[in-house]
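Chains, contacts and geometry: an overview
Each chain, written out:
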Amino acid sequence: MNTARNFYHRPTETTFARRRARHHIGSREGSEAGDGMEIADWRNKIDELDEQIVALLCERAAAAIEIGKLKAQAASPVYEPKREQVVYDRARAKAASRQPESLSGTQIQDIYERIMDVMRSLQKPADTAQAGEDKRHPQQPYIPRQNQR
Ligand SMILES: O=C(O)C(=O)C[C@]1(C(=O)O)C=C[C@@H](O)C=C1
């Protein structure tokens, strides 16, 4: 953990005053919710989690690209709905097993459907999808379902 992060974990009174002004929130006491974390602290946590999420997504994409090469060699279809359902079911089960449950099955599947759109676009032939290209035109349209549990 670097100095900047430690700084936020051990804020001074001046820091609290600056954050109150920046975020238009009340007194230090009033803004604390149980564990003493404030917006800036939660954002630091989100920044750290996002670093891990991005690294894992890039690693996942690299694996999907390798599968794409093997599919191209075997002239197999990019879209494998049965496998996708397995991935969604695993993600839903994992989210449901977490305590406290923060994402519903529908919500985690919505996130995974978007990830899957991008993974499929990476597996398209090189003339339609290249590294670094804008891949916002997936094979399967992204249609979010109702936000229901
Ligand atoms: O498992 C595969 O066949 C893959 O290509 C990987 C993957 C995925 O990203 O999980 C991507 C596209 C397929 O439709 C199914 C799954």
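Residues numbered from 1 in each chain as written. Predicted model: local features only at pLDDT ≥ 70, side-chain atom pairs only at ≥ 80, totals over all residues.

**A look at the overall build of the protein chain**
- The helix and strand tally for the protein chain stands at six helices and zero strands.
- A buried classification covers 7% of the 149 residues belonging to the protein chain.
- Of the contacts formed within the protein chain by residues at least 6 apart in sequence, a portion of 51% connects residues at least 24 apart. (Helix = DSSP H or I, 4+ residues; strand = E, 2+ residues; numbered from the N terminus. Buried ≥ 20, exposed ≤ 12 C-beta atoms within 10 Å, placed from the backbone. Contact = placed C-beta atoms within 7 Å.)

**Looking at the packing of helix 4 (residues 39-74) against helix 6 (residues 105-123)**
- Remark: helix 4 packs on helix 6, axes separated minimally by 8 Å, with the N-to-C direction vectors making an angle of 45°. By the angle between their directions, the pair helix 4 and helix 6 is classed as oblique. Like other packed secondary-structure pairs, helix 4 and helix 6 cross with a definite hand, here right-handed. Packed against helix 4, whose contacting residues are Ala-61, Ala-64, Ile-65, Ile-67, Gly-68 and Lys-71, the element helix 6 presents Met-119, Leu-122 and Gln-123 at the interface.
- A per-class count over the contact of helix 4 with helix 6 returns six nonpolar, two polar and one charged. (Axes fitted to C-alpha atoms, helices over the stretch in contact; angles between N-to-C directions. Parallel < 35°, antiparallel > 145°, perpendicular 65-115°, else oblique. Left-handed = near helix turned anticlockwise from the far one by under 90°. Nonpolar A, V, L, I, M, F, W, Y, C, P; charged D, E, K, R; others polar.)

**A word on unusual backbone geometry**
- With an omega dihedral of -5°, the bond running from Gln-99 to Pro-100 counts as a cis peptide bond.
- By the element assignment, Pro-100 lies in the loop between helix 5 (81-97) and helix 6.
- A positive phi angle, close to 55°, is found at Ala-75, a residue other than glycine.
- Here Ala-75 lies in the loop between helix 4 and helix 5.

**With respect to the site of the ligand**
- Contacts to the ligand come from Ala-64, Ile-67, Tyr-79, Glu-80, Arg-83, Glu-84, Val-87, Met-116, Met-119, Arg-120 and Gln-123.
- For the shell around the ligand, the residue count by class is six nonpolar, one polar and four charged. (Near = placed C-beta within 6 Å.)

**Section: the packing of helix 5 against helix 6**
- Interhelical geometry of helix 5 versus helix 6 gives an angle of 140° and a closest axis separation of 9 Å. Classified by the angle between their axes, helix 5 and helix 6 sit oblique to one another. As helix 5 packs across helix 6, the resulting crossing turns out to be right-handed. Contacts from Glu-84, Val-87, Tyr-88, Ala-91, Arg-92, Ala-95 and Ala-96 of helix 5 reach helix 6 at Gly-105, Ile-108, Gln-109, Tyr-112 and Met-116.

**Let's talk about helix 4**
- Here helix 4 is 36 residues long and its end C-alpha atoms lie 51 Å apart, about the 52 Å a rise of 1.5 Å per residue gives.
- The buried count for helix 4 comes to one of 36 residues, which makes it a mostly uncovered element.
- Immediately beyond the C-terminal end of helix 4, within one or two residues, lies Ala-75, with a positive phi of roughly 55°. (Expected span 1.5 Å × (residues − 1).)

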